[in-house]
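# Geometric and topological summary
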Amino acid sequence: MSTPIIHTMGQQAGRRSWAEPYKIKMVEPLRTTTREERERAIKEAGYNTFLLHSADVYIDLLTDSGTSAMSDRQWAGMMLGDEAYAGSANYYRLEAAIQKYYGYKYIIPTHQGRGAENLLSQSAIKPGDHVPGNMYFTTTRFHQEHAGATFHDIIIDDAHDTASAHPFKGDIDLGKLQALIDKVGADKIPYVCMAATVNMAGGQPISMANARAVRELTAKHGIKIYLDATRAVENAYFIKEREAGYADQSLEAILLEFCSYSDGATMSGKKDHLVNIGGWLATNDQELFEEARNLVVVYEGLHTYGGMAGRDMEAMAIGIEESVNVDYMRSRIGQVRYLGDLLDQWGIPFVKPVGGHAIFLDARAFYPQLTQDQFPSQTLAAELYLDSGIRAMERGIVSAGRNQVTGDHHRPKLELTRLTIPRRVYTQAHMDVVAESVQHCYEQRAKVTGLNMVYEPKYLRFFQARFERR
Ligand code: F0G
């Protein structure tokens, strides 16, 4: 009798893996390309991955924004779209879902997150104001500056250190906040912009204790807090995992408590809400609500659709419920971590600990031979595409833009290339392919000579800038 083969390859006895809490019902074929095709495509795109045609991309890790796979329930909800211009039933469903899970009073739908940022900035900011935040986000800071404010980064120093293992690198430095209040005066600070998680820091969470402490400090000075709630459910998962006292609480309860430390929020529904388009502004402040509701009809659409179709609002309401399911969130963050663990085993430099939505490769450590003016992160994104057709995004000096007053480049400490994982879209095998391509680029790193910028748009330049090889 032959001995039965026991499949335990690479596994420890007693190990229990997690798996995605869903199965695949519909597939979208992927196209592979040759190196020659990719050489041509990236050159035509000015070495900017934003300018590639998606048909030329194999695994698309440009962003987790609007790239989620919707569930069968969400698609069924799309059939229930009430496309009335005014008073759509789906708007009231959405409003109820936001009130239930986020706890805010007044809701204004927008076409996406930056629509909400525009409404908030225009309603709350006066020229000469100052807005502190836990690191900038591109569109958020743009709208704050466009409304006449100066942005101040008050995130803890650990956030700027790719190697720091701080569990809540998104935390606000209370000393920096107090110093700004002392310097410019509380009446010049319309609100603190608090992001959860912090995208540009590597998808890093902010702790409940920190949010509470910021609330206590700002309350003393009569300063409001507006949350960037774009990935706040992912943030809630990190609190559950890492912060004492929250292990047994549901994501719903953690999210509600977290939001209770703010006066309102801007939201890009294209992330946590598992939809392809949409956003909202929420507030507990009736005066601000009335101002923003007045503006929404100018920029977005009537206050009961704000740039979304009825069916989009229905899918979003369903997505909100799905996003707080802990099994879903474990697999979401688990997939990002799986990719991080592979890269870590191979000694690839990236931002630690692994954040919620992406791996942020440390382009300075990849290419110590390049200065920041030779665009190391942009270069790494182009090299990854050339190697395997994987599309990543620059999050370094190009994204940081220029100082509005001096015209100089903002020079962020972090020079990162983001591998962003869409929700419920790719499998573990795709993550293996990605990791192997990153490793190959790392092996080839000494040969790389960087890029020159040959076209620079005035606003949010990273989207459309063009480069040539040096
Ligand atoms: N806030 C954060 C933290 C974001 O990540 C984004 C978008 C926005 C606001 C703006 O929302 O795109 O719906 O207008 N982030 C995308 C990204 C674009 O790829 O990180 P939007």
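Residues numbered from 1 in each chain as written. Predicted model: local features only at pLDDT ≥ 70, side-chain atom pairs only at ≥ 80, totals over all residues. Heavy atoms only, no water.

It is worth spelling out the pairing of strand S7 (residues 279-283) at this point. For S7, the buried fraction is high: five of the five residues fall into the buried class. What you see with S7 is no split at all: Gly 279, Leu 281 and Thr 283 on one side and Trp 280 and Ala 282 on the other are buried throughout. Where strand S1 (residues 106-110) lies against S7, five bridges are found, and the strand directions are antiparallel. Within S7, the position partnered with Ile 108 by the bridge is Leu 281. (Buried < 20%, exposed > 50% of the residue type's maximum accessible area, 1.4 Å probe, protein only. Helix = DSSP H or I, 4+ residues; strand = E, 2+ residues; numbered from the N terminus. Pairing = 2+ DSSP bridges.)

Turning our attention to the environment of Gln 286. Examined against the element boundaries, Gln 286 turns out to sit in helix H10 (residues 286-299). Considering only alpha carbons, one finds Gln 286 and Val 214, 72 residues apart in sequence, at a separation of 22 Å.

Looking now at the site of the ligand. Taken together, 17 residues are adjacent to the ligand, and Thr 63, Arg 114, Asp 228, Ser 268 and Lys 271 come closest. Arg 114 has a polar side-chain atom sitting 2.7 Å from an oxygen atom of the ligand. The side chain of Ser 268 places a nitrogen or oxygen atom 2.7 Å from an oxygen atom of the ligand. Considered on its own, the ligand offers 470 Å² of accessible surface; in the complex 95% of this is hidden by protein. (Near = heavy atom within 4 Å. Polar contact = N/O pair within 3.5 Å; in protein donor to acceptor, adjacent residues only side chain to side chain. Areas by Shrake-Rupley, 256 points an atom, 1.4 Å probe, with all protein chains shown as cover.)

The strand order across the open sheet built from three strands is S8-S10-S9, with neighbouring strands paired in antiparallel fashion. Single-partner strands in this sheet number two, and they are strand S8 (358-362) and strand S9 (393-395). For this sheet the average axis-to-axis angle between neighbouring strands, irrespective of direction, equals 35 degrees. Pairing between S8 and strand S10 (residues 416-420): five bridges, direction antiparallel. Across the sheet, the residue bridging to Leu 361 is Thr 417, located in S10. Along the sheet, helix H14 (residues 376-388) makes contact with S8, S9 and S10, crossing S10 at roughly 40 degrees. (Axes fitted to C-alpha atoms, helices over the stretch in contact; angles between N-to-C directions. Contact = heavy atoms within 4.5 Å.)

Further remarks concern the side chain of Gln 378. By secondary structure assignment, the location of Gln 378 is in helix H14. The residues touching Gln 378, leaving out its near neighbours within four places in the chain, are Tyr 47, Asn 48, Thr 49, Glu 394, Val 398, Leu 451 and Phe 467.

Before going further, it helps to spend a moment on the domain arrangement of the protein. Domain boundaries in the protein define domain 1 (35-60 + 326-469) and domain 2 (72-323). Here domain 1 and domain 2 have C-alpha centroids that lie 26 Å from each other. Listed as interface residues are 33 residues of domain 1 and, on the opposing side, 39 residues of domain 2. Taken together, both faces of the contact between domain 1 and domain 2 bury some 2,900 Å²; the carbon and sulfur share is 58%. Here Glu 241 ties to Arg 337 by a salt bridge, and the two come within 2.8 Å at their closest N and O atoms. Taken together, the connections running from domain 1 to domain 2 amount to 15 residue pairs in polar contact (both at pLDDT 80 or more). Of all elements in the fold, only helix H12 (326-345), S8, helix H15 (397-400) and S10 reach the threshold of two or more residues within the side of domain 1 that touches domain 2. Its residues assigned to classes, the side of domain 1 that touches domain 2 shows 17 nonpolar, six polar and ten charged. (Domains from an automatic or database assignment. Buried area = accessible area lost by both parts, 1.4 Å probe. Salt bridge = Lys/Arg side-chain N within 4 Å of Asp/Glu carboxyl O. Nonpolar A, V, L, I, M, F, W, Y, C, P; charged D, E, K, R; others polar.)

Now for the packing of aromatic side chains. Within the structure shown, the criterion is met by twelve aromatic pairs. Note on Phe 366 and Tyr 367: the rings are 5.8 Å apart at their centroids and 70 degrees apart in plane angle, and the pair reads as edge-to-face. A relative accessible area of 0% means that Phe 366 is categorised as buried. Summarising the aromatic geometry, the rings of Phe 462 and Phe 463 are spaced 4.1 Å apart at their centres and angled 40 degrees between planes, so their arrangement reads as tilted. Sitting over the face of the ring of Phe 350, Lys 352 holds its NZ or CZ atom 4.8 Å from the ring centroid. Between Arg 445 and the ring centre of Tyr 442, over which it is positioned, the NZ or CZ distance is 3.8 Å. (Phe/Tyr/Trp six-rings, centres within 6.5 Å; stacked < 30°, edge-to-face > 60°. Lys NZ or Arg CZ within 6 Å of the ring centre and 35° of its normal.)

Examined against the element boundaries, Leu 386 turns out to sit in helix H14. Note on Leu 386: relative accessible area 0%, which makes it buried. Put simply, Leu 386 and Ile 42 are 344 residues apart on the chain and 7.6 Å apart in space, counted from C-alpha to C-alpha.

What follows is about the nonpolar core. Residues Tyr 102, Tyr 104, Leu 227, Phe 258 and Trp 280 are the most contacted members of the largest nonpolar core, which totals 60 residues. For this core, the domains that each give at least three residues are domain 1 (35-60 + 326-469) and domain 2 (72-323). What Leu 227 contacts, discounting residues up to four positions off in sequence, is Tyr 104, Met 194, Ala 196, Phe 258, Cys 259, Ser 262, Gly 264, Ala 265 and Thr 266. The next biggest cluster of nonpolar side chains, apart from the first, holds 30 residues, and it includes Leu 61, Ile 348, Phe 366 and Ala 435. (Core = buried A, V, L, I, M, F, W, Y, C linked by side-chain atoms within 4.5 Å.)

Attention shifts here to the pattern of salt bridges. Within the structure shown, the criterion is met by 29 salt bridges. Residues Glu 39 and Arg 469 are paired through a salt bridge, measuring 3.7 Å at the closest nitrogen-oxygen approach. With Glu 39 in helix H1 (residues 35-44) and Arg 469 in strand S12 (residues 466-469), this pair connects stretches of sequence that are 430 residues apart. Of the residues examined, Glu 39 reaches a relative accessible area of 28% and is grouped as partly exposed. Given the relative accessible area of 40%, Arg 469 is considered partly exposed. Through salt bridges that share partners, Arg 73, Arg 93, Glu 314, Glu 321, Glu 322 and Arg 424 make up one connected network.

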